[in-house]
Amino acid sequence: MDTYSVDVVYQAISALFQGNNPKEQEKANKWLQEFQKSIYSWTIADELLHQKRDLHANYFAAQTMRNKIQNSFSELPPHTHESLRDSLITHIGQIDAQTDIVIVTQLSLAVADLALLMATWQEPINDLLTTLAPHPAAIWPLLEVLKVLPEEIDSRYLRLGANRREEVHKQLDASAECVLKFLCMCLQREDLDQQRVWNAALRTYSAWMVIHVFPISHICNNTLTQLAFRLLNQPETAGKLHDNATECVCALLSCMTTRHGSDAANDAPVEAEVFSAVCMLETPYHLSVAHEDTDKTINYCRIFTSLCDAFFYKMLSEQQTPHYSMKGLDLVLLCVGHFDYEVAEISFHLWYKLSEDLFQRYDDKLTAKFRPHIERLISALYRHSQMESDHEGLIEENNNFYDFRRKVSDLIKDVAFIVGSGACFKQMFMILQAPETTWESTEAALFVMLNVAKNILPDENDVIPKVVEAILNMSEQTHIAVRYTAILLIGELCDWIENHPESLEAVLNFLLYALQQKNGLAPAAAIALTSICAACRQKMVCHISGLVEIARSLDSFQINNDVAIGLLKGISLILTRLPREQLQPALREIVGFQLQPLAQLLESSSASVQKGEREDPVYWIDRACAIIRHTNPDVPDNVEHPTVAILNDAWPLISQVMSKFQTDLRIMERTCRLIRYGIRMVRKQAMQLVEPLIKQMVVLYAVQHHSCFLYVGSILVDEFAKSSECIAGLLEMLQAFIEPTFGLLQMENGLRNNPDTVDDFFRLASRYLDCCPLQLIQSNLITPIFQCALIACSLDHREANSSVMKFFINLLVWGRTTHSRHAECRPLVIDLASQHGGALVMNLIQASVFQLHSYMLADVAEVLNELKQVVTNEQMQPFLAHALEALPKKNSGGYVTVTQQQLDEFSNTVLRADTTKAISQALKTFTRLFR
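It should be emphasised that the depicted structure is a prediction, and the values quoted were computed from it without experimental measurement. (Residues numbered from 1 in each chain as written. Predicted model: local features only at pLDDT ≥ 70, side-chain atom pairs only at ≥ 80, totals over all residues. Heavy atoms only, no water.)

*Asks:* Got a minute to help me understand the overall build of the protein chain in this structure?
*Replies:* Within the protein chain one finds 50 helices and 0 strands. With respect to the three principal axes, the spread of C-alpha positions in the protein chain is 95 × 80 × 65 Å. In the protein chain, buried positions account for 54% of the 931 residues. Considering only intrachain contacts with a sequence separation of at least 6, the fraction spanning at least 24 residues in the protein chain is 74%. Looking at the protein chain as shown, the accessible area adds up to about 41400 Å², and 50% of this sits on carbon and sulfur atoms. (Helix = DSSP H or I, 4+ residues; strand = E, 2+ residues; numbered from the N terminus. Buried < 20%, exposed > 50% of the residue type's maximum accessible area, 1.4 Å probe, protein only. Contact = heavy atoms within 4.5 Å. Areas by Shrake-Rupley, 256 points an atom, 1.4 Å probe, with all protein chains shown as cover.)

*Asks:* When you look at the UniProt feature "domain: Importin N-terminal" (unreviewed entry) in the protein chain in this model, what are you seeing that I'm missing?
*Replies:* Listed under "domain: Importin N-terminal" (unreviewed entry) in the UniProt record, and renumbered for this structure, are residues 28-94. Between the C-alpha atoms that bound residues 28-94 the distance is 29 Å, and the span itself is 76% helix and 0% strand. (UniProt positions renumbered as here; feature names shortened; annotations may be inferred.)

*Asks:* Help me understand the nonpolar core, please; the structure alone is not making it clear to me.
*Replies:* The nonpolar side chains of a soluble globular protein tend to be buried with one another. Core analysis: the biggest nonpolar cluster contains 357 residues, and Trp351, Ile532, Ile785, Phe807 and Phe808 have the highest contact counts within it. Other than its neighbours up to four places away in sequence, Trp351 contacts Leu329, Val332, Leu333, Val336, Ile374, Leu377, Leu411 and Val415. (Core = buried A, V, L, I, M, F, W, Y, C linked by side-chain atoms within 4.5 Å.)

*Asks:* What should I look at first to understand the side chain of Asn451 in this one?
*Replies:* Here Asn451 lies in helix H25 (residues 439-452). A polar atom in the side chain of Asn451 sits 2.5 Å from the side chain of Ser409. Of the polar contacts made by the side chain of Asn451, one reaches the backbone oxygen of Phe447; its length is 2.8 Å. Not counting residues within four places of it along the chain, the set of residues in contact with Asn451 comprises Ser409, Ile412 and Lys413. (Polar contact = N/O pair within 3.5 Å; in protein donor to acceptor, adjacent residues only side chain to side chain.)

*Asks:* So what exactly am I meant to see when it comes to unusual backbone geometry here?
*Replies:* Here the phi dihedral of Tyr362 falls at roughly 50 degrees; this positive angle occurs in a residue that is not glycine. As for its position among the elements, Tyr362 is in the loop between helix H21 (348-361) and helix H22 (364-384). A positive phi is found at Glu436, a non-glycine position, where the angle reads about 60 degrees. On the secondary structure map, Glu436 appears in the loop between helix H24 (421-433) and H25. The exposed category is assigned to Glu436, whose relative accessible area is 78%.

*Asks:* What is the right way to read the pattern of salt bridges from this model?
*Replies:* Should their charged atoms come close, side chains of opposite charge can pair. Under the criterion given, the structure shown has 44 salt bridges. One salt bridge connects Lys353 with Asp309, and the closest N-O pair in it is separated by 3.4 Å. Taken as a pair, Lys353 in helix H21 and Asp309 in helix H17 (residues 294-310) lie far apart in primary sequence, 44 residues in all. Lys353 gets classed as partly exposed once you look at its relative accessible area, which sits at 28%. Exposure remark for Asp309: the relative accessible area of 16% places this residue in the buried category. (Salt bridge = Lys/Arg side-chain N within 4 Å of Asp/Glu carboxyl O.)

*Asks:* In this structure, what is going on with the environment of Gln787? I would like to understand it.
*Replies:* You can see Gln787 is positioned in helix H44 (residues 782-792). Along the sequence, Gln787 and His836 sit 49 residues apart, while their C-alpha atoms lie 8.6 Å from each other.

*Asks:* Looking at this structure, how should I read the side chain of His836?
*Replies:* Looking at the element boundaries, His836 is found in helix H46 (residues 825-850). Residue His836 is classed as buried on the basis of its relative accessible area, which comes to 14%. When sequence neighbours within four positions are dropped, the list of residues in contact with His836 reads Thr783, Phe786 and Gln787.

*Asks:* Explain the packing of aromatic side chains to me, please; I cannot follow it from the model alone.
*Replies:* Aromatic ring pairs are described here by two measures, namely the spacing of the ring centres and the angle between the planes. The tally for this structure, following the rule as stated, stands at 25 aromatic pairs. Seen in terms of ring centroids, Trp31 and Phe35 are 6.0 Å apart; in terms of plane orientation they differ by 0 degrees. Their pairing is stacked. Here Phe35 and Trp31 lie together in helix H2 (residues 22-37), a separation of 4 residues that amounts to about one turn. The class of Phe35 is buried, set by a relative accessible area of 0%. With a centroid separation of 5.2 Å and an interplanar angle of 85 degrees, the aromatic rings of Phe761 and Phe762 are classed as edge-to-face. By the burial criterion, Phe761 is buried, and Phe762 matches it. Ring pairing ties together the aromatic residues Phe742, Phe761, Phe762, Phe786, Phe807 and Phe808, which thus form one cluster. The ring of Phe312 has Lys353 sitting right over it, with the charged end atom 4.5 Å from the ring centre. The residue whose ring lies beneath Arg405 is Phe447, and the NZ or CZ to ring-centre distance is 4.1 Å. (Phe/Tyr/Trp six-rings, centres within 6.5 Å; stacked < 30°, edge-to-face > 60°. Lys NZ or Arg CZ within 6 Å of the ring centre and 35° of its normal.)

*Asks:* Before we go on, may I ask you to explain the packing of H24 against H25 in this structure?
*Replies:* For the pair H24 and H25, interaxial distance at closest approach is 9 Å and the crossing angle is 165 degrees. With respect to H25, the element H24 is oriented roughly antiparallel. Crossing angle aside, the handedness with which H24 passes H25 is left-handed. In this structure, H24 uses Ser421, Cys424, Phe425, Met428, Phe429, Ile431 and Leu432 to contact H25, whose residues at the interface are Thr442, Ala445, Leu446, Val448, Met449 and Val452. Its residues placed into classes, the contact of H24 with H25 shows 11 nonpolar, 2 polar and no charged. (Axes fitted to C-alpha atoms, helices over the stretch in contact; angles between N-to-C directions. Parallel < 35°, antiparallel > 145°, perpendicular 65-115°, else oblique. Left-handed = near helix turned anticlockwise from the far one by under 90°. Nonpolar A, V, L, I, M, F, W, Y, C, P; charged D, E, K, R; others polar.)

*Asks:* Hey, could you run me through a nonpolar patch on the surface in this one?
*Replies:* Residues Tyr4, Ile39 and Tyr40 make up a contiguous nonpolar surface patch of roughly 300 Å² in combined accessible area. Structurally, the position occupied by Ile39 is in the loop between H2 and helix H3 (41-51). (Patch = residues over 30% accessible without salt bridge, like charges linked within 9 Å, V, L, I, M, F, W, Y side chains within 5 Å.)

*Asks:* Honestly, helix H16 (residues 282-290) in this entry has me stumped. Any pointers?
*Replies:* Residues spaced three or four apart along an α-helix face the same direction, because each turn holds 3.6 residues. Of all the positions in H16, only Pro284, Tyr285 and Ser288 are classed as buried. Seen along its axis, H16 keeps its buried residues to an arc of 110 degrees; they face one direction. Exposed residues on H16 whose side chains face more than 90 degrees from its buried face are Thr283 and Ala290. Following H16 by one or two positions, Glu292 has its phi on the positive side, about 55 degrees. (Arc of directions from axis to C-beta.)

*Asks:* Is there a simple way to explain the environment of Val910 in this structure?
*Replies:* In this structure, Val910 sits in helix H49 (residues 900-912). In this structure Val910 comes out as buried when scored by relative accessible area, which is 0%. Between the C-alpha atom of Val910 and that of Leu529, which follows or precedes it by 381 residues, the distance is 56 Å. Once residues lying within four places of it in the same chain are set aside, the contact partners of Val910 are Lys868, Leu880 and Ile919.

*Asks:* Just to check I follow, could you spell out the state of the cysteines for this structure?
*Replies:* In protein chemistry, a disulfide is the covalent bond that joins the sulfur atoms of two cysteines. In total, this model carries 0 disulfides according to the counting rule given. The thiol of Cys494 is not disulfide-bonded; the next cysteine sulfur, from Cys536, is found 6.7 Å away. What makes Cys494 buried here is its relative accessible area of 3%. No disulfide involves Cys771; its sulfur sits 6.4 Å from that of Cys772, the nearest cysteine. (Disulfide = S-S within 2.5 Å.)

If you want it as structure tokens, here you go:
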């Protein structure tokens, strides 16, 4: 298989799809992938489609043709475009009832993509209609082409660019009426399968509605829309047809969402007509519920939710009388009340949107209009959150119902302010007090209370005392799920408990008892205790001996390590409030509980690490990390920090961990995090650790290339580079880091494969520029770092690219004339910018246009703005001109990507801009021309 020919490709396809030898199949697969990348695949794929030898070959050829057009269209010289088009239309015309649907889809996408890319194809829609519409067999692929064509306009693979997209939209606008007539004509043809043509026509019609080419008046009064509503009103409509009719109505409603101003005013009667038509679907909705046809019920819920989206701002209009569209919320609430929680979940985005808008408007009168709806919503969510009455034990994590309750929790927290958290809490309390309340109703009411408890005022003395008393006196016979949720509720009432210290002792005894249980309650008790530690810090100081005992006994409790770490965090927050003489021994003891097992692990001969188990060093390192991070006493700089001695004593153990597990990135990252929090806590008092730490990191980084060492380096620079005696050693550390870093990044795909290294290295370089800029800028290190950053501009990794841009900004800022500190830096930075500014602008423009996501362009704009402050406009103008000249003015399809006027406009905007925001906006607009 070393040469490309039709027969050899057939052999490879046969080996892949019909062979029995996995090695041969893998070899054939790799060969075919390479073949698809070659220039020969154009003609061979075309030949395979003509020959139609078998299904696999046809599918492979259709997929190849589509991929080539999408990703490699520039390979074809312009004079071959027409013959490719004619050949594809021939293939489309030869599709019959036996042709596999996947092949139809791939060929349709190939034709659609070609129509979008090929500028010389002036009227693709009309040409396709003229060529294919007269032939009954060609109607199906034609409908598929017409469906996918509008869907492909925004394909990120085609990168049509704003100019071409505008041209295409004009073409589609011009052809819209013909397409609508064709679709309506298809419905009337008696020589076609009715169900099939209805499905295909509705799908195509929906795709065209989504791009807003039809006026609203045309949409509402045509055969297709009437068909969609008729099908939705008929209980006997088949499932697939019902789905497509639903998509059609949702697309119609999305058209109404985007209309504003005079258009919206003119379309008001049509909108009212559509609203009435959707309201008529209430009866078929009830029928779908009666027939337990959940798929159709879900479709109606989607339509009702889309209706509210379409009329959203009309519902929120501040009129004396509510807008008629408020009835849409009643339809949605009808669906929320359905017995299947999956139906209710479809509407969640609408309630989020409503709560966010009402919160932003901060209008009590307007909010009050929606209070009854939210009360009904919360009542429905309470019912949906109930477990089955015969359920034993707790809800298993990560099943569908658990995930649903998590979403309900988020939604209740979001909408509770509309009805008032206190009112919601009381509403659920009334359910608890009702006679004959079942355990599942009690648990669901507590679950809702749990999600609003944090927002209730801590001085509430009516309902909460009764709830707390009832929970503390709950019997052992109460269902375990009720007790679990009740314990979590106690934790959420931590602010109230802080305000009512008389209840603290009883609550702690209750939680400690639950923590020691082996029935599944321990995690809830640990989470609740963590919350109470965080809220009642000062009042918990007197309980520190008990908390130390809890820390000692952590592994006797039935809790996972994440919950244990949370509990250690809570205990550490109390440690912070201890007097100095009590803090150090208590902290040493609690840290010792974690470091002793770690030391035993190091002494053991076993080299295997069981992730997440007690034999995993990370298990203990994460615990120690939580303690160090959250024990943060207020200690003056001239007083020795109580944790310095603990850190110095722990260093030999930490150093051994780094040596023994140096190949394990996960363990190294967690160890570096522990070092980071330790240094951040004691700051300059960690001086004793700096030299041995740097020596070990430099040696390990040269061998293992773990970027977490670079991150710790940046912490050291931040803490110690302001001390003149440390600067030389820190620069030596940077020098030692540079060689292995550059070696790694210069490998093939080095930047793309090592974004963390890019991120941490340039974060480190930025810290030097923040803390000791003159020493770095004067050194011979700055030029190679700058040149590496030039190459890294194009990396489309969010954090890594942000660090590179931050490095440029932090460097260029020292060249500003307005900067009074370190004035000696200014001429050095100006010289650097003058030498490399052209390359910097070139790389930034190229990266912005071809590699970076639009959300990254704000950072690029900030670099350009800083460069403008350093170099003159006379220098900046040729930098920009040269970079823009290097951009392609025409695409491989022959259309103009960017005009000279657009290039000039962009250049002038950047040169005249006074703010980063203006440059950022210009960049986003400009790059859309190439996307």
